[in-house]
Amino acid sequence: MLASTVGSNNSDPETIPITNPNRQNSSVVRRITNLFRSRPQTESVENEGYVEFGGISSQTNNTNSSGQQRTLGTFSGCFAPVSLSMFSALVFIRVGFLVGNAGLYVTLLQFGIAYVILFFTVCSVCAISTNGAIQGGGVYFMISRTLGPEFGGAIGSLFFLANVVGSGLAITGCVEGLIQNLGKNGLLLPEDSPGLLEDGRWYRFGYCTIVNTLILVVVLIGAQMFAKTSAFILGIVVVCLFSTYVSFITKGEIDVTIPPENTLLNRTEFPTLHYTGLSMKTLEENLYPNYGQDYTSGGSYVNFAIVFGVLFSGVTGIMAGANMSGELKNPSKSIPRGTLSAVVFTFFCYMALSLLIAATSPSILLRNNFLYLVPVNIFPAFVSVGILTATFSTALSNLIGSSRVLEALAKDQVYGSFFNFIVKGTHNGNPILAVIASWVLVEAILLIGSLNTIAQINSVLFMLSYLATNLACLGIEITGAINFRPTFKYFTWHTAFVGLIGTLIMMFVINPIYASMSVILCLILVIALHLFSPAAQGAQWGSISQALMFHQVRKYLLMLDSRKDHVKYWRPQMLLLVSSPRSCCPLIHFVNDMKKGGLYVVGHVKVGEFKDNEVDPTVDEYNQWLSLVDHMKVKAFVELTLSKTVREGIQQLTRISGMGAMKPNTIILGFYDEEACVDFFDDDSSPYQTNKFSSSNTGVLFPYRKKNEIKSLSPEEYVSIVGDILRMKKNVCLCRHFHRLNKKTIATSNHIKYIDLWPINIFDPSNENPFDMASQFMMQLACIINMLPVWKNLQLRVFLCETGDNEQQPFERPAEFRLSQLLGQLRIPATIHQIPEWKNSSETPRNRTLLRNLTRNSESDTSQMTEENLNRMKLYMQRINQIIRDHSNSTAVTFMYLPPPPNISMNFKTKCVNYLDLLSELTYDLPPTLLVHGLSTVTNTSL
């Protein structure tokens with residue numbers, strides 16, 4: 001606010017923080033109503049608006065973000081896709097693998113763990129989805145609008161990859177089923193048949209590519225076609241699964257052939273494998289783990305982690321309904337009901353299937369033929385159809401989900417313009433190019449070949465997505481965000497916490513390497529998006545980091561007790577008063593350096609009557625000042641106030657700036673002089689040049705006093721402000737000539753070498769205590785500046801100015817000795833320089849008396865303040881100024897003692913003018929100069 005004193009120099013802010021009171025506020029009052037509207041779930045969806053957590057969107061009616069009609073209900077749009085995705089390749093191909101290796105008890109335990117994680121994650125999904133309508137992008141949309149663009153973009157990217165891997169997993173399972181049914185000695189072909197399909201690594205990759213391309217064609221035709229048929233496909237899968245249950249109960253003992261690709265089993269010892277049917281002995285043998293080798297992965301040994309990874313990969317489809325959020329009529333209703341119903345339905349299906357498999361199939365059969373369900377079924381073709389439909393629909397669902405997430409990432413500009421081609425490649429609401437890009441990545445995943453290997457990668461990526469979903473809800477609950485009011489009643493922070501811990505632990509149990517790589521990749525994406533992603537997104541969506549920081553800052557501010565302050569831990573807490581930042585950019589940067597990790601507040605007083613304004617003008621200007629802080633790249637807060645006078649406004653800012661124990665202890669003002677200000681924003685050679693604060697619509701922001709313009713502050717008001725600050729027990733600094741400060745020159749020039757300190761009260765010099773509290777405060781500030789990288793190569797110089805009254809001292813140089821001792825005790829690396837010419841500067845007793853009367857507010861000798869005596873004092877100041885200038889050729893910045901201003905008394909106005917005139921003469925043509933007066937103890941000599 002007061003950064004530049006009245007009539008400040010080119011670089012100093014124009015005197016006290018003042019803004020033209022006649023400038024009209026052109027902003028329009030924005031009224032936001034019905035931010036979060038609650039209504040019964042029975043309300044017609046045609047009146048459903050689109051509401052985001054923490055904000056309002058204009059979307060209305062049953063249309064998605066692309067303007068397409070929302071046509072899917074709970075069953076076809078959510079329950080069926082989720083159920084199909086959770087069955088996937090697992091239900092017909094790998095449940096036997098689970099029971100044969102882990103045993104029934106461990107398999108049931110693993111299903112329990114998996115479904116507990118899924119259930120609590122679904123609770124988090126339901127909480128977010130019922131706290132406001134959601135668009136396409138599913139879980140990505142939820143997380144990004146909750147955690148912010150950095151975490152949302154990173155997790156969304158990994159969720160996109162998870163869907164890609166999931167699609168590859170399902171396609172691999174589909175082809176595995178085709179090979180074993182239609183390949184050599186296929187289960188659906190006559191015995192010793194050469195088969196309809198050749199087998200081999202590249203043959204399988206070719207078949208996978210054909211299936212993947214077929215899925216691509218279906219998705220390009222439109223996801224709604226799949227959604228409309230998902231209920232029919234689910235019906236087929238359920239019928240096939242039911243036939244399996246019936247077969248286990250009705251089918252007796254039979255022999256099952258060994259798959260040709262299984263080369264681990266000795267064919268002489270085991271020409272065939274035996275299926276027992278319902279048998280208590282078989283059940284007892286299958287109760288406990290019996291881990292073996294995986295014949296599809298080169299004979300690698302199986303353990304608990306691998307089994308759980310395969311199991312979890314098959315039940316990761318809980319987000320399939322959320323992925324279709326853009327096509328759902330009522331996502332907030334359909335996602336909770338459809339997803340929870342599908343979770344419960346598939347859980348009981350898996351429990352029944354595991355129990356029946358354990359009671360009918362020996363473990364050696366389960367470990368060595370993953371497709372034995374085909375020959376033991378009363379209708380073998382049913383299992384084959386079930387495998388194909390379940391895996392094909394899962395792959396289709398995942399490809400749709402991945403393309404929708406990629407489209408949402410592109411629309412949100414998370415990666416800037418890199419994915420703009422995705423947005424442009426949309427036809428009738430179907431993201432054509434996003435689908436093709438996802439298809440290409442699925443092809444890359446298919447090169448891995450092994451279903452069990454793909455399953456572990458798939459599980460880890462989905463778990464990381466679930467972890468982020470639980471983290472988002474847990475963070476919102478911890479921060480106590482009042483606008484987080486989900487209508488889903490079964491969510492608490494406990495469910496989110498259990499889901500979070502469960503996913504985190506099991507992710508590393510499945511595969512520590514894959515989990516670590518996924519976490520590292522996520523962190524890299526978070527950092528990259530934080531640095532390079534368009535920052536505007538964070539403001540649009542809101543970020544939970546802001547809520548968390550608010551929660552923690554409030555907590556620690558309450559713990560910070562000013563009564564426990566100790567001088568050992570003193571920090572400068574700066575309040576820089578700025579009239580116009582255009583003219584004081586170097587000073588704003590200098591104070592940012594001087595704060596040394598302390599509080600830094602940029603303050604401004606806008607002069608005017610509150611009653612004359614329809615809206616407080618500081619409300620709209622506040623964002624402009626925040627933009628200024630961003631442009632200047634300083635770590636500062638902004639405080640604005642509206643007041644009748646500058647003096648009154650500065651009193652307000654000095655008292656109320658900061659919060660709790662973090663309040664300014666040092667007030668900084670620009671100097672009061674007649675020099676014209678310079679516009680650093682308009683100067684092409686200035687490092688602060690910008691057009692950001694000038695436009696044809698808003699005019700020039702932050703106007704400053706031009707040359708020959710009348711100052712809005714009188715000398716009397718300015719000196720009174722300095723006195724007010726001291727009476728409030730605050731340290732004060734007056735800054736002059738900071739338009740000359742160039743940090744780049746300081747860093748590169750060999751000519752600039754020093755930071756100078758003149759710790760003597762020129763107006764009232766004394767040898768009795770030349771290094772009082774004010775001088776020590778000045779030394780502390782100079783020492784702080786000297787610690788910073790740009791300034792640390794400069795040398796501190798303290799100039800000792802004796803008055804000539806040292807005859808009574810017992811030592812030859814008592815002042816120099818005491819200063820050297822003081823600097824050593826304070827650990828300040830400064831050199832001492834004696835100024836012998838100081839004694840010859842015509843400091844007569846009469847001059848000293850006149851100066852002392854001016855600063856000590858003596859009223860008895862006011863008659864002596866004649867023009868002749870004033871000229872005498874000015875001449876004395878000019879001689880002192882010349883001495884200082886002679887020693888400042890290589891000085892970067894000068895710290896000088898600020899004599900206390902005169903108090904209100906007789907002839908106060910005259911004294912104020914004389915006080916400022918003398919300070920002007922004293923600091924004329926010096927390097928950037930700080931006149932410092934400290935009132936508090938800031939140094940410590942003991943531990």
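Everything here concerns the structure above.
Residues numbered from 1 in each chain as written. Predicted model: local features only at pLDDT ≥ 70, side-chain atom pairs only at ≥ 80, totals over all residues. Heavy atoms only, no water.

## Some points on helix α2 (residues 90-129)
The following threshold applies: Segments assigned H or I by DSSP are reported as helices when at least four residues long, segments assigned E as strands when at least two residues long, and all are numbered from the N terminus. Given the number of residues in a helix, its expected span is that number minus one, multiplied by 1.5 Å. Note on bend: the value at a residue is the angle between axes fitted to the seven residues ending there and to the seven starting there. A simple rule labels every residue: compare its accessible area, found with a 1.4 Å probe on the protein chains alone, to the largest value its type can have, and call it buried under 20%, exposed over 50%, or partly exposed in between.
Its 40 residues place the ends of α2 only 28 Å apart at the C-alpha level, less than the 58 Å of an ideal helix rising 1.5 Å per residue. At Gly 103, α2 shows its maximal kink, close to 115 degrees. Burial analysis of α2 places 33 of its 40 residues in the buried class, which makes it a mostly covered element.

## Description of the packing of helix α21 (residues 585-594) against helix α26 (residues 773-787)
For any two helices packed against each other, the geometry is given by the interaxial angle and the distance between the axes. Heads up, the rule is: For helices, the axis comes from a line fit to the C-alpha atoms of the stretch in contact; other axes are also lines fit to C-alpha atoms, and the angle between any two N-to-C directions lies between 0 and 180 degrees. For classification purposes, angles smaller than 35 degrees are called roughly parallel, those larger than 145 roughly antiparallel, those between 65 and 115 roughly perpendicular, and all remaining angles oblique. Pairs of residues are marked as contacts when any of their non-hydrogen atoms sit within 4.5 Å. Under this grouping Gly is polar, as are all residues other than the nonpolar Ala, Val, Leu, Ile, Met, Phe, Trp, Tyr, Cys and Pro and the charged Asp, Glu, Lys and Arg.
Direction vectors running N to C along α21 and α26 enclose 95 degrees, while the axes themselves pass 8 Å from each other. Here α21 lies roughly perpendicular to α26, going by the angle between them. Contacts between α21 and α26 pair Phe 590, Asp 593 and Met 594 from the former with Leu 781, Ile 784 and Ile 785 from the latter. By residue class, the composition of the contact of α21 with α26 is five nonpolar, no polar and one charged.

## Quick word on the pattern of salt bridges
In plain terms, the rule: One side-chain nitrogen of Lys or Arg within 4 Å of one carboxyl oxygen of Asp or Glu is enough to make a salt bridge.
Applying the stated criterion across every chain yields a total of 16 salt bridges. The closest approach of N and O atoms between Glu 621 and Lys 606, which form a salt bridge, is 2.9 Å. Separated by 15 residues along the polypeptide, Glu 621 in helix α22 (residues 617-632) and Lys 606 in strand β10 (residues 600-607) bring together distant segments of the chain. Taken individually, Glu 621 and Lys 606 each receive the classification buried, so the pair is uniform in this respect. In this structure, a network of salt bridges that share partners links the residues Asp 199, Arg 204 and Glu 261.

## A short note on a nonpolar patch on the surface
Applicable threshold: Note on patches: the residues involved have over 30% relative accessible area and no salt bridge, like charges join within 9 Å, and the nonpolar side chains Val, Leu, Ile, Met, Phe, Trp and Tyr join within 5 Å. With residues, only the protein chains shown are counted as cover, and all accessible areas are computed by Shrake-Rupley using a 1.4 Å probe.
Taken together, the side chains of Val 116, Trp 493, Phe 497, Val 498, Ile 501, Ile 505 and Val 509 define a hydrophobic patch exposed on the protein surface, amounting to about 560 Å² of accessible area. Locating Val 498 in the fold gives a position in helix α17 (residues 493-510).

## Structural notes on empty space enclosed by the protein
Short version of the rule: A cavity, in this analysis, means grid points on a 1 Å lattice covering only the protein atoms where a 1.4 Å probe fits yet has no way out; a pocket is instead an open set bounded by protein on both sides within 12 Å along at least five of seven lines, and a residue lines either one if it has an atom within 4 Å of a point. Grid points are joined across faces, edges and corners, and a volume is the space filled by probe spheres set on the points.
Enumeration according to the criterion identifies six cavities of 30 Å³ or more in this entry. If you add up the space inside the largest cavity, you get close to 160 Å³. In terms of lining residues, the largest cavity is bounded by 22 residues, among which Ser 88, Leu 169, Ser 313, Thr 316 and Thr 394 are the most central. Among the elements of the structure, α2, α4 (149-182), α8 (304-314), α9 (320-323), α13 (380-411) and α16 (451-479) are those that each provide at least two residues to the lining of the largest cavity. Top element by residues in the lining of the largest cavity is α4. It accounts for four residues. A breakdown of the residues in the lining of the largest cavity according to their chemical character gives nine nonpolar, 12 polar and one charged.

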